[in-house]
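Examination of the molecular architecture
This is what each chain is made of:
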Amino acid sequence: MAFGILLLNACASHPENAKPVDDFDVNRYLGTWYEIARFDFRFEKDLDNTSAQYQLDKNGNIIVLNSGFNYVKNEWSKADGLAKFRGDKNVAALKVSFFGPFYSGYNVVALDENYEYALIAGKNLDYLWILSRTKNLPQEVKTKYLKIAEEIGYDISKLIWVKHDKTNNPYLNEN
């Protein structure tokens, strides 16, 4: 749930060495993404089969629906949020909230030309995600994105590789 971070700092942005993607096309980014890997944090604790769905609202903001399977509670869970651009809509630097006025950084720092794979940096080096349009990630993309993450300053040994073994997510719109 790449958008699922809570911070009490509305000015959150990105790690010092992370540069959000230029020439970003939000319309190509919309739709379903599967979380391939992430740094663990409390809002995604015990979740696998995680995904994010993005769609535009009438104001040009991004409606976020994150979902995943809590394997401890043996149930699906979801979180609804809203993402807004922090500036130019052609730059993939956003802020996201799941908790009213509290926003945190969401920065696409690597994105392939077909919008199939994305590397997301949060507001600091404690938040990192690798997303894919499918439940798998080609080895060459994995290698490239891990290298980029390390260059930014992330400790990639802390990544959790998300299991995707379920097909009955009641919140996932795969159309």
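The residue numbering used here restarts from 1 in each chain and proceeds along that chain's sequence as written. In keeping with the model being predicted, local features are shown solely for residues with a pLDDT of at least 70 and side-chain atom pairs are shown and tallied solely at 80 or more, while totals for entire chains, interfaces and linings include all residues. Only heavy atoms go into the side-chain values, all of them from the structure, while hydrogens and water stay out.

What follows is about empty space enclosed by the protein. Any space left empty among the atoms is revealed by the rolling of a water-sized probe across them. In this analysis the probe radius is 1.4 Å and the grid spacing 1 Å, with only protein atoms considered; a cavity is a set of points the probe fits into but cannot get out of, a pocket is an open set with protein on both sides within 12 Å along at least five of seven lines, and lining residues have an atom within 4 Å of a point. Grid points are joined across faces, edges and corners, and a volume is the space filled by probe spheres set on the points. Taken as a whole, this structure holds one cavity of 30 Å³ or more when the rule is applied. Estimated volume of the largest cavity: approximately 70 Å³. Forming the walls of the largest cavity are eleven residues, and the residues nearest its centre are Tyr34, Lys135, Lys166, Asn169 and Leu172. Residue composition of the lining of the largest cavity, by class: three nonpolar, five polar and three charged. By the convention adopted, Pro, Cys, Tyr, Trp, Phe, Met, Ile, Leu, Val and Ala count as nonpolar, Lys, Arg, Asp and Glu as charged, and the other residues, Gly among them, as polar.

What follows concerns the pattern of salt bridges. For this document, the term salt bridge refers to a Lys or Arg side-chain nitrogen within 4 Å of an Asp or Glu carboxyl oxygen. In this structure the tally under the stated criterion is nine salt bridges. In this structure, the salt-bridge partner of Arg38 is Glu35, at a minimum N-O distance of 2.6 Å. Across the pair Asp46 and Lys45 runs a salt bridge whose closest N-O atoms are separated by 3.8 Å.

Buried Ala, Val, Leu, Ile, Met, Phe, Trp, Tyr and Cys residues that are joined via side-chain atoms within 4.5 Å together make up what is termed a nonpolar core. Any residue under 20% of the maximum accessible area for its type is buried, any over 50% is exposed, and the rest in between are partly exposed; the area is computed with a 1.4 Å probe on protein chains only. In terms of nonpolar packing, the biggest core is built from 26 residues, with Phe24, Tyr29, Tyr54, Tyr106, Val108, Leu111 and Leu131 touching the most fellow members. Strands here are runs of E lasting at least two residues and helices are runs of H or I lasting at least four, both read from the DSSP assignment and numbered beginning at the N terminus. Counting only elements with at least two residues in this core, the list comes to α1 (26-29), β2 (47-56), β3 (62-70), β4 (75-85), β5 (93-99), β6 (102-111), β7 (117-121) and β8 (128-132). Two residues form a contact once any of their heavy atoms are found within 4.5 Å. For Tyr29, the residues in contact, after removing those within four places along its chain, are Phe24, Tyr54, Tyr106, Val108, Leu111, Tyr115, Ala118, Ile120, Leu131 and Arg133. Core analysis: the next-biggest nonpolar cluster, separate from the first, contains 19 residues, Ala37, Phe39, Val109 and Tyr117 among them.

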